Amino acid sequence: MALFRKVIRTIFENKARYIGSTLLLVISSMMFVMLNTTSANLDHAFKLFSERNALSDAEFSINGEIDSRDLGKQFTAKVELGGTADCQVHPGQTLRVFAMMNEVNIPAVHKGNLPGASEIMLDRLFAETNGYEIGDTITVSGKEFTVSGYSFLPNYIYVIKSKEEIMNDPKIFGVGLVGKGDFAALPDQNKVYAIRFDQRENIKSQEAAVKNQLRSQGISITNWQSTEKKVNVSYVPMEVGVLSTMSAAVPSAMLALSCVLLGMMMFRMIKSESVIIGTFYAQGYRRRELRSHYLMFPLLVSAIGSVLGSALGLVLSGSVFSFMLTAFPMPAYEVIVNPWLLVFSVLLPILLLCGVTWLITGRVLKARPAVLMRGGEVKNKINFIEGSLKLDRFKFHTKFKIREQVRSLSRTFFLLFGIVVATMLMLYGLTMKSSVDYMLTEGVKELYNLEYEYVYTSEKTGAPPEGTEQFGAAYVSLPEDEDVSFYVTGVLPGTERIKLKDTSGQAFKPEQTTITAPLAKKLKVNAGSSLTVFDTEDGKEHTFIIEKIADTYAGDFLFMPLESFNAEFGMPADTYIGIWSDQPMTFAQGEIQSTKSIDAIIEGFGILLDQMGPMVYGLIGSAFVLGLIIIYIVTGIVVDESRSSISLMKVFGYRKKEVRKLILGSNTLIVVIGYLLGIPALLGTVGVFYESLTESLQLVLPVKLSISYILLGFGVVLATYEFAKLMCRKKVARVPMSEALKAGTE
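Thresholds applied
- Residues numbered from 1 in each chain as written.
- Predicted model: local features only at pLDDT ≥ 70, side-chain atom pairs only at ≥ 80, totals over all residues.
- Heavy atoms only, no water.
- UniProt positions renumbered as here; feature names shortened; annotations may be inferred.
- Helix = DSSP H or I, 4+ residues; strand = E, 2+ residues; numbered from the N terminus.
- Buried < 20%, exposed > 50% of the residue type's maximum accessible area, 1.4 Å probe, protein only.
- Contact = heavy atoms within 4.5 Å.
- Areas by Shrake-Rupley, 256 points an atom, 1.4 Å probe, with all protein chains shown as cover.
- Core = buried A, V, L, I, M, F, W, Y, C linked by side-chain atoms within 4.5 Å.
- Salt bridge = Lys/Arg side-chain N within 4 Å of Asp/Glu carboxyl O.
- Axes fitted to C-alpha atoms, helices over the stretch in contact; angles between N-to-C directions.
- Parallel < 35°, antiparallel > 145°, perpendicular 65-115°, else oblique.
- Left-handed = near helix turned anticlockwise from the far one by under 90°.
- Nonpolar A, V, L, I, M, F, W, Y, C, P; charged D, E, K, R; others polar.
- Domains from an automatic or database assignment.
- Buried area = accessible area lost by both parts, 1.4 Å probe.
- Polar contact = N/O pair within 3.5 Å; in protein donor to acceptor, adjacent residues only side chain to side chain.
- Patch = residues over 30% accessible without salt bridge, like charges linked within 9 Å, V, L, I, M, F, W, Y side chains within 5 Å.
- Expected span 1.5 Å × (residues − 1).
- pLDDT = per-residue confidence, 0-100.
- Phe/Tyr/Trp six-rings, centres within 6.5 Å; stacked < 30°, edge-to-face > 60°.
- Pairing = 2+ DSSP bridges.

Under the annotation held in an unreviewed UniProt entry, the chain carries the name FtsX-like permease family protein and is attributed to Oxobacter pfennigii. Under the UniProt heading Subcellular location (unreviewed entry), the entry covering the chain gives this text: "Cell membrane".

Chemist: I would appreciate a short explanation of the overall build of the chain in the present structure.
Modeler: Secondary structure summary: the chain contains 22 helices and 22 strands in total. Principal axes of the C-alpha set define a box for the chain whose edges measure 100 × 55 × 45 Å. Buried residues in the chain amount to 51% of all 746 residues. Taking as baseline every contact in the chain between residues at least 6 positions apart, the subset at least 24 positions apart corresponds to 82%. On the chain, roughly 34700 Å² of surface is accessible, and the fraction owed to carbon and sulfur atoms is 58%.

Chemist: Sorry, what's going on with the UniProt feature "transmembrane region" (unreviewed entry) in the chain here?
Modeler: Mapped onto the present numbering, the UniProt feature "transmembrane region" (unreviewed entry) falls at residues 16-35, 248-267, 295-328, 340-360, 409-430, 615-639, 659-683 and 703-724. Helix makes up 100% of residues 248-267 and strand makes up 0%, while its end C-alpha atoms are separated by 28 Å. Here residues 659-683 is 88% helix and 0% strand, with 38 Å between the C-alpha atoms at its ends.

Chemist: How should the nonpolar core be read in this particular structure?
Modeler: When a protein is soluble and globular, its nonpolar side chains tend to lie buried together. The biggest cluster of nonpolar side chains holds 129 residues, and the ones touching the most others in it are Leu42, Ile277, Phe297, Met330, Tyr448, Leu626 and Ile663. Looking at this core, the element that brings in the most residues is helix H7 (residues 231-272), giving 19 residues. Residue contacts for Ile663: discarding those within four places in its chain leaves Phe400, Val638, Val639, Ser642, Ile646 and Met649. In this structure, Leu478, Val488, Val525 and Leu531 belong to the second largest nonpolar core, which totals 20 residues.

Chemist: In this structure, what is going on with the pattern of salt bridges? I would like to understand it.
Modeler: Between side chains of opposite charge, pairing is possible as soon as their charged atoms come close. Under the definition given, this model contains 17 salt bridges. With its nearest N and O atoms 3.9 Å apart, the salt bridge here joins Glu289 to Arg286. For Glu289, a relative accessible area of 30% corresponds to the partly exposed category. Between Arg655 and Glu658 there is a salt bridge, and its shortest N-O distance comes to 3.7 Å. Look at Arg655 and you get exposed, because its relative accessible area is 58%.

Chemist: What am I meant to see in the packing of helix H9 (residues 287-327) against helix H10 (residues 339-364) here?
Modeler: The geometry of a pair of packed helices is captured by two quantities: the angle between their axes and the separation between those axes. Relative to each other, H9 and H10 sit at 160°, their axes nearing to 8 Å. By the angle between their directions, the pair H9 and H10 is classed as roughly antiparallel. In the packing of H9 onto H10, the handedness of the crossing is right-handed. Along its contact with H9, which presents Arg291, Tyr294, Leu295, Pro298, Leu299, Ser302, Ala303, Ser306, Val307, Ser310 and Leu314, the element H10 presents Leu342, Ser345, Val346, Pro349, Ile350, Leu353, Cys354, Thr357, Trp358, Thr361 and Gly362. In the contact of H9 with H10, the residues fall into 14 nonpolar, seven polar and one charged.

Chemist: How should I be thinking about the domain arrangement of the chain in this particular structure?
Modeler: By a widely used convention, the size of an interface equals the accessible area lost when the partners come together. Here the chain is partitioned into domain 1 (1-55 + 236-379), domain 2 (58-226), domain 3 (402-410 + 417-446 + 596-745) and domain 4 (452-583). Together, the buried faces of domain 1 and domain 3 total about 1600 Å²; carbon and sulfur atoms form 80% of this surface. When the buried surface of domain 1 facing domain 3 is broken down by residue, Arg17, Leu257 and Arg268 rank first, second and third, together holding 35% of it. Where domain 1 touches domain 3, the interface holds zero salt bridges. On inspection of domain 1 and its partner domain 3, the count reaches zero residue pairs in polar contact (both at pLDDT 80 or more). A total of 10 residues in the side of domain 1 that touches domain 3 trace back to one element, the largest contributor, which is H7.

Chemist: When you look at the side chain of Asn667 in this model, what are you seeing that I'm missing?
Modeler: Structurally, Asn667 is set in the loop between helix H19 (656-664) and helix H20 (668-697). Here Asn667 falls in the buried class, since its relative accessible area comes to 2%. In contact with Asn667, other than residues within four places in its own chain, are Gln405, Leu415, Val634, Thr635, Val638 and Tyr721.

Chemist: Help me understand a nonpolar patch on the surface in this model?
Modeler: A cluster of nonpolar side chains, namely Trp340, Val343, Leu347 and Leu351, defines an oily patch on the protein surface of about 460 Å² accessible area. With respect to the secondary-structure elements, Leu351 resides in helix H10.

Chemist: For this particular structure, what's the right way to read helix H2 (residues 15-52)?
Modeler: For an α-helix, 3.6 residues make a turn, and residues three or four places apart therefore share a direction. The terminal C-alpha atoms of H2, which comprises 38 residues, lie 54 Å apart, in line with the 56 Å expected from a rise of 1.5 Å per residue. By the criterion of burial, H2 is predominantly enclosed, with 27 of the 38 residues buried.

Chemist: What exactly am I supposed to notice about unusual backbone geometry here?
Modeler: What is expected of a backbone is that most residues other than glycine have negative phi and most peptide bonds are trans. Unlike most non-glycine residues, Thr76 shows phi in positive territory, near 50°. Mapped onto the secondary structure, Thr76 falls in the loop between helix H3 (68-74) and strand S2 (77-90). Taking relative accessible area as the criterion, Thr76 reaches 42% and is therefore assigned partly exposed. Even without being a glycine, Asn105 presents a positive backbone phi close to 50°. Secondary-structure assignment places Asn105 in the loop between strand S3 (93-99) and strand S4 (108-112). Residue classification places Asn105 among the buried residues on the basis of a relative accessible area of 3%.

Chemist: Looking at this model, I keep getting lost on the side chain of Thr513. Mind explaining?
Modeler: Checked against the element boundaries, Thr513 lands in the loop between strand S15 (507-508) and strand S16 (514-516). For Thr513, the contacting residues outside a window of four places in its chain are Phe544, Ile545, Ile546, Glu547, Lys548, Leu558, Phe559 and Met560.

Chemist: Honestly, the confidence of the model for the chain in this entry has me stumped. Any pointers?
Modeler: Close inspection of predicted coordinates is inappropriate in any region flagged by low pLDDT. Of all residues in the chain, 94% have pLDDT values of 70 or greater, and the mean over the chain is 82. Looking across the chain, the model is least confident in helix H22 (residues 738-745), with a mean pLDDT of 59, and most confident in strand S5 (residues 119-122), with 94.

Chemist: I tried to follow the packing of aromatic side chains on my own but got confused; where do I start?
Modeler: One pair of aromatic rings is described through two measures. These are the centre distance and the angle between the planes. Scanning all chains against the criterion turns up 16 aromatic pairs. Ring centres 5.4 Å apart and planes at 40° place the aromatic pair Tyr158 and Phe328 in the tilted group. Highlighted residues: Tyr158 in the loop between strand S7 (143-152) and strand S8 (173-178) and Phe328 in the loop between H9 and H10, separated in sequence by 170 residues. Here Tyr158 matches Phe328 in class, with each residue buried. Judged by centre distance (4.5 Å) and plane angle (15°), the rings of Phe471 and Trp580 are stacked. Of the two residues, Phe471 sits in strand S12 (residues 469-478) while Trp580 sits in strand S21 (residues 575-581), which places them 109 residues apart along the sequence. Given a relative accessible area of 1%, Trp580 falls into the buried group.

Chemist: Looking at this structure, I do not really get the UniProt feature "domain: ABC3 transporter permease C-terminal" (unreviewed entry) in the chain. What am I missing?
Modeler: Those places that UniProt annotates as "domain: ABC3 transporter permease C-terminal" (unreviewed entry) correspond, in this numbering, to residues 252-367 and 620-734. Counting secondary structure, residues 252-367 comes out at 84% helix and 0% strand; the distance between its end C-alpha atoms is 34 Å.

Chemist: It is not clear to me how the pairing of S12 should be interpreted in this structure. Could you clarify?
Modeler: Put simply, side chains in a regular strand alternate between the two faces of the sheet. Counting buried residues along S12, eight of its 10 residues qualify, which places the element largely inside the surrounding structure. The sheet contact formed by S12 and strand S17 (residues 530-535) spans two bridges and is antiparallel. Paired with Ser477 across the strands is Phe534, a residue of S17.

Next comes the structure, spelled out in C-alpha cells:
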C-alpha cells in the first residue's frame, strides 16, 4: 500500500507528463476503434446492399436489342434491360432518370413508396436541397410526376454526373427513378443492359465470355462498364480501403509515440530513483515487488487512456458512419460492433507499455543494492557522436545546446520523431487541398477554353453549327487489359478550345499525337512509345506513336489532329461526333447523347475544396495539440535533468532570460530538422496512397504541396514550440540556487 501511495504521489507531482501520455493513448485508441468500426460498418452495409438488391457485375450498351432471358440462361446470370435519361427540370438543372428494374440493380426505398404510374422517386439530397417533399409535383422534360418517395440505387451509390466532376452539386444534378412505362416516354434515352452472374467467382472471365459471345453474333458493344470500375460504386470500397489503411497507420504511429514517451519517462524516473530502489532492497523488498511497483505507472496510464479512448471511439463511430452514409447513400440494415476489436484496443497499449517498462526495470534491478544506493552505475564515457564533433571550437552557448542534444539521444530521437509525425498529420490535409487546387487551376481551367461540350448520338459531317467547334472521339481500351479505357480525341490542329503545354510550361498546339501526363503515367509510356488499343465499339485495333506529352491533369486523353483521327478510324475527313460551345444550345429530341458543362466540373472541385475545409483545420488542430504535448513533455524532461546546471547558472549570475534561452532553446534545431524531414516523408506517403487510389478513382492525382502551405505549417510548428517553451518558463524559474549545493554535498 505504501508503494501504491508513492505511485499516486509521483503521478501528481508530474501530472502534466502523465496527462500528456494518457491523452496520446486516448487519441490513438479512439481513432483505432472509430476508423475500424466505421470502415467495417460501411463495408457491411455495401455488401448487404449489393447482395439484397442484386448489384450488377457489369452494364453494357449495344447497337440493337438482344433477348436478355436467353443471354441469362446461356451464362447462368440475371440480365435485364434498363436505361437512363438526362432530363431537364429547370434551366441548368438536370435529373438523371433511371428505369425501375426488378431483377438486377433493384432500388431500395429510403422513405415513401416505389413509383407507380406518373410517379417518381428522387435521391434524398436532391429532394431536400430543392425542396421536394413526398406528394409534391415535379416537372421532368415537360411531364409532371408526383414524388412517391426517396430511393437508393445500388448501381448509383455515389451520385455524380461524370467522373470528371468528382463532387456533385445537388442544386443542379440529382437522380430519379420511374416505372418502365413512364421511362419509355422520356426523351434521349440511353438503353443499358445490366448483368449479374449467379457464380460469384471469376467475374472478369465471365464478363469476357459474354463479350466474346455478343461479338461472335455480330453485335457491336458500344459501351461496357464493369461495376468495379464504375466510380458511382467503386468509391465505396475505395473509401473502406482508405479508412482501413488510416485505422492501421495513424493509431500505430500514435501508439509508437506513447511507447517511446513512456519508456523514456520510466527509464529516467527509475534512473533518478536508484538510491530509493537501493534503499528498498536494503529494507527487504524483493525484486518482484519493486518491478510490480514500477509497472503500476504504465498500467494506470495505458488502462485509463485505452479504455477512455475505445469508449469515445465507439460513441463517435456512429456519427462518422451516419456522415459517410450522406456521402454514399445506402440503407443501413444493421450496425455491427466487434467486441474483439475493443478488447484488442484496450489490451494492446497495456501489453506494449508494460512490456517496455518490464524490460527497463529488469535492466536496472540487475545492479546490486550497494551500487544502487550510491546512485547506480555512473557512466562518464562520452558517446561517439559528442566525441567526433570537436565542440571546443564553438562558443559556450553553442556547445551547451549541442551537448544537450547528443548526450540524450533517446530524448532527441523522440522529439524528432514526434515533430515528423505532427508535421505529416498537419500537412496531410494541406497536401490534398494543394493537389485538388492544382488539378483545378493547372488542369481543368488551363485545358478547356470552352463552356459546354455536346456529344451527338451519331456522327455528323459538314460544317458544325455557327460559333461552335467540332471534334471526334473514340472510346478505346488496351488489348491486354480491357479495364483500362480512355478517349482518343480528334481536334482541329489550330484549335483554341484546348490549351496544352509541355513539361517546361511552353504552350503548343495539338498538331501531333499528344498524350496527357496522367494517362502516360498510368500506361507507362513516353514520347516515342508505341501504343496499341482497340475501339470498344467495333473491336478493331489501332496503333499510335506518342509524339508529345501534355503536362495537364484534367483527365486521361490522347489528342490528335481531327483529319488524322478520321483517317485512322475510317471515316470521311469532315466527320465529327461532338461540338464545343461557349453558349448553351438546344437540340432536337434524341440528337444528343451527353452534355458536359465546364462550370459544373469547376463547381464540383469547389464543393470538394469546401468540404475539405473542416478536415484540414481539424488535422491542423490535432497536430497542434500533438506537437504541444510532445514538445512540452520533452522540454519538461530537459528542465528536470538540467536542474543542477540551471542552479549553477543562477549562482554564477546568469540572468533569467539567458538561462531560459540556453535550457529551453536547445531543441530549436531538432524542431526545424523534424519539420524538414516530415515534408519528404509526407509527400512519399501521400504518393503511395494516391497510387493505390488511381485504379478506383479512375484518375491520377498529382502530389503537390504549395510553398505557402509549407510556410504556414512551419509557422504553426514554431508557434507550438514557442507556446510549449512559454509553459515551461515557470519550471525553470522555480529551480533554486541551493540545488547545486545539494548536488555537490551528495
